[in-house]
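Reading the structure
Below, each chain spelled out in residue letters.
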Amino acid sequence: MRASTDFDTLDAYRTFVASVVADHNRRHRDAIEIERGHLKPLPPAAPVTWDEASVRVTSSSGFSFRHAFYTVPSRLIGHRLHLRVHDDRIEAFLAGERVLTLPRGRAPSKGAKRTTTHVVDYRHVIGSLRARPGALAGLTYRDALWPRPAYRRAFDALMAVGSAREASRTMVALLALAHDTGREAGIAEALGTVLDQGDLPDVTAFRDRFLPAPGPIPAVHIEMPDASVYDRLLARRPAEPEVTA
C-alpha cells in the first residue's frame, strides 16, 4: 500500500492506519450496518490497553526495560516504579501516584544488531553532570542526551579543535544554562548562528546573553530598639493576683 514501511512520525502512521480503516468501512458499509444491530453494549469500564511491569531506578538515575534505557529524575534513585506500558509512552507510578510519563523506546528491529535504545532527558541528569562534567564524553547515551541538533553540532565542533574534557565542560555548562533559564530553544538558535559563522560557543558570552541581569540590591536598615523599652513593658505588666488560703 506504500512504497516504504517507514513513517516520519507516530502520528503519520496513525493517520495512515485511520485512512485504511475508513476506506474499508466505506466499502463494507451495508454489511457493517447489518452487524451493528446485533452488537451488545460496550462494557462500562474502559478496557486495559497497557502492559504492566516493575523496575528499580539505579544510581545512574535510570532503568532498563525491554532493551531500552530510560532516565528519570534523580529523586527517584533507589525506588521501585510500577510501569504502565502503552504503545507510545510509559507511565511510571510510585506508591500509587503517577510521577512521570516517558516516550516509549523501541528495541532494534529483528535482524538488526542488538543494541540498547536510549530515552534520555538531560534535565534528569544535569545535576550529576554538573558535579562531574568530564563524564559527558564517555556516556553511553551521550548521543541521545542532546535536546536539539544544535547542541550535538556544538559538541562535535568543540571536539574537532580541543580536548574531550574541555568540550564536555563547555557543553555541560550550556545544558545547565538551558535547564536553569528554561531557554533551551533560544540557546539552540544562538548556537546554530555561532557555528554557521565558523565560531565556537563561548560560555561566558552565552551566560551574559541568557541569564537575567541582576537587579540592584536594596539597602536594608535595621534599627535596634533600646533595652530600656523592655523595662517599660515589664512595668506595665498587671500585678499578679494574691493567693489566699
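For the structure itself, consult the block above.
Scope of this entry: the structure provided in the associated data block. Just so it is clear, the structure is predicted and the values come from calculations on it, not from any experiment.

Parameters and conventions
- Residue positions are given per chain, counted from 1 along the sequence in the order it is written.
- Only residues with pLDDT of at least 70 are given local features in this predicted model, and only at 80 or more are side-chain atom pairs given and counted; all residues enter the totals for whole chains, interfaces and linings.
- To obtain the side-chain values, all non-hydrogen atoms of the structure were included, while hydrogens and water were left out.
- In this description a helix means any DSSP run of H or I spanning at least four residues, a strand means any run of E spanning at least two, and both kinds are numbered starting from the N terminus.
- With C-alpha atoms as the basis for the radius of gyration, the globule rule is written as 2.2 Å multiplied by the number of residues raised to the power 0.38.
- Each residue is assigned to one of three classes by its accessible area relative to the maximum for its type, calculated with a 1.4 Å probe on protein chains only: buried under 20%, partly exposed between the two thresholds, exposed over 50%.
- Reported accessibility uses the Shrake-Rupley method at a 1.4 Å probe radius. Residues are deemed covered only where the shown protein chains occlude them.
- Only four residue types enter the tally: Lys and Arg on the positive side, Asp and Glu on the negative side; His and the chain ends are excluded.
- Note that the charge is assigned to NZ on lysines, CZ on arginines, CG on aspartates and CD on glutamates.
- Here, nonpolar core means buried Ala, Val, Leu, Ile, Met, Phe, Trp, Tyr and Cys residues that are tied together by side-chain atoms lying within 4.5 Å of each other.
- The contact criterion used throughout is that any non-hydrogen atoms of two residues lie within 4.5 Å.
- Helix axes use the C-alpha atoms of the stretch in contact, all axes being lines fitted to C-alpha atoms, and the angles between their N-to-C directions lie in the range 0 to 180 degrees.
- Should an angle lie under 35 degrees it is considered roughly parallel, over 145 roughly antiparallel, and from 65 to 115 roughly perpendicular; all remaining angles are considered oblique.
- Handedness of each helix crossing follows the sense of rotation of the near helix against the far helix: counterclockwise by less than a right angle gives left-handed, clockwise gives right-handed.
- When DSSP finds two or more bridges between a pair of strands, those strands are recorded as paired.
- Each polar contact in these results corresponds to two N or O atoms within 3.5 Å; when the atoms are within protein, one needs to be able to donate a hydrogen and the other to accept it, and residues that are neighboring in sequence are counted only if both atoms are side-chain atoms.
- Exposure above 30% relative accessible area and no salt bridge define the residues that can form patches, which grow by joining like charges within 9 Å and nonpolar side chains of Val, Leu, Ile, Met, Phe, Trp and Tyr within 5 Å.
- The term salt bridge refers to a pairing of a side-chain nitrogen on Lys or Arg with a carboxyl oxygen on Asp or Glu at a separation within 4 Å.
- In a helix, the anticipated span is given by 1.5 Å times the number of residues less one.
- By arc we mean the arc of the directions from the helix axis to the C-beta atoms, nothing more.

1. Considerations on the overall build of the chain
Looking only at helices and strands, the chain features 9 helices and 7 strands. What you see for the chain is a C-alpha radius of gyration of 30 Å, clearly larger than the 18 Å of a compact globule of 245 residues, by over 25%. Referenced to the eigenvectors of the C-alpha coordinate spread, the extents of the chain come out at roughly 100 × 75 × 35 Å. In the chain, which comprises 245 residues, the proportion classed as buried is 27%. Of the roughly 17600 Å² of accessible surface on the chain, a fraction of 54% belongs to carbon and sulfur atoms. Each charge sign in the chain was given a centre, from 34 positive and 29 negative side chains, and these centres are 7 Å apart.

2. Side note on the nonpolar core
Ranked by internal contacts, the top residues of the largest apolar core, which has 31 residues, are Leu136, Leu145, Tyr151, Met171, Ile187, Leu191 and Phe206. Tallying contributions element by element places helix 6 (residues 164–181) first for this core, with 8 residues. Among all residues touching Phe206, those that are not within four sequence positions of it are Leu174, Leu177, Ile187, Ala190, Leu191, Val194, Pro201 and Leu211. Ranked by size, the runner-up nonpolar core spans 17 residues in total, among them Val55, Phe63, Leu81 and Ala92.

3. As for the packing of helix 5 (residues 149–161) against helix 6
Taken N-terminus to C-terminus, the directions of helix 5 and helix 6 make an angle of 155°; their axes are 8 Å apart at the nearest point. Between helix 5 and helix 6, the crossing angle belongs to the class labelled roughly antiparallel. Crossing hand, helix 5 versus helix 6: right-handed. Together, Tyr151, Ala154, Phe155, Leu158 and Met159 of helix 5 and Ala164, Ala167, Ser168, Thr170, Met171, Leu175 and Ala178 of helix 6 make up the contact between the two elements.

4. Things to note about the pairing of strand 3 (residues 68–71)
On strand 3, burial covers both faces: Ala68 and Tyr70 on one face and Phe69 and Thr71 on the other are all buried. Inspection of the sheet shows strand 2 (residues 62–65) paired to strand 3 by 4 bridges, in the antiparallel sense. In the sheet register, Phe63 faces strand 3, and the bridge partner there is Tyr70. Linking two consecutive strands that pair antiparallel, namely strand 2 and strand 3, is a turn of 2 residues; a positive phi of about 50° is found at Arg66 within it.

5. Concerning the sheet that holds strand 7 (residues 117–119)
The mixed open sheet is built from 3 strands, whose spatial order is 2-3-7. Every other strand in the sheet has two partners, leaving strand 2 and strand 7 as the edge strands with one partner each. Sheet twist, expressed as the average angle between the axes of neighbouring strands with direction ignored, equals 20°.

6. Considerations on the side chain of Ser61
Secondary-structure assignment places Ser61 in the loop between strand 1 (51–56) and strand 2. Here Val72 takes part through its backbone oxygen, which lies 2.5 Å from a polar atom of the side chain of Ser61. In contact with Ser61, other than residues within four places in its own chain, are Tyr70, Thr71, Val72, Pro73, Ser74, Ile77, His124 and Val125.

7. Concerning a nonpolar patch on the surface
A grouping of Leu10, Tyr13, Val17 and Val21 is seen on the molecular surface, where their side chains present a nonpolar patch of about 310 Å² in accessible area. Considering the arrangement of structural elements, one finds Val21 in helix 1 (residues 10–27). Taking the relative accessible area as the measure of exposure, Val21 reaches 44% and is therefore partly exposed.

8. Let's talk about helix 5
Compared with the 18 Å implied by 1.5 Å per residue over 13 residues, the 19 Å span of helix 5 between its first and last C-alpha is a close match. Those residues of helix 5 lying buried are Ala150, Tyr151, Ala154, Phe155 and Leu158. Down the axis of helix 5, the sector holding all buried residues measures 140°, keeping them to one side. Turned more than 90 degrees away from the buried face of helix 5, the exposed residues are Pro149 and Ala160. On its buried face, helix 5 is in contact with helix 4 (142–145), helix 6 and helix 7 (184–196).

Geometric values such as these leave the question of function open.
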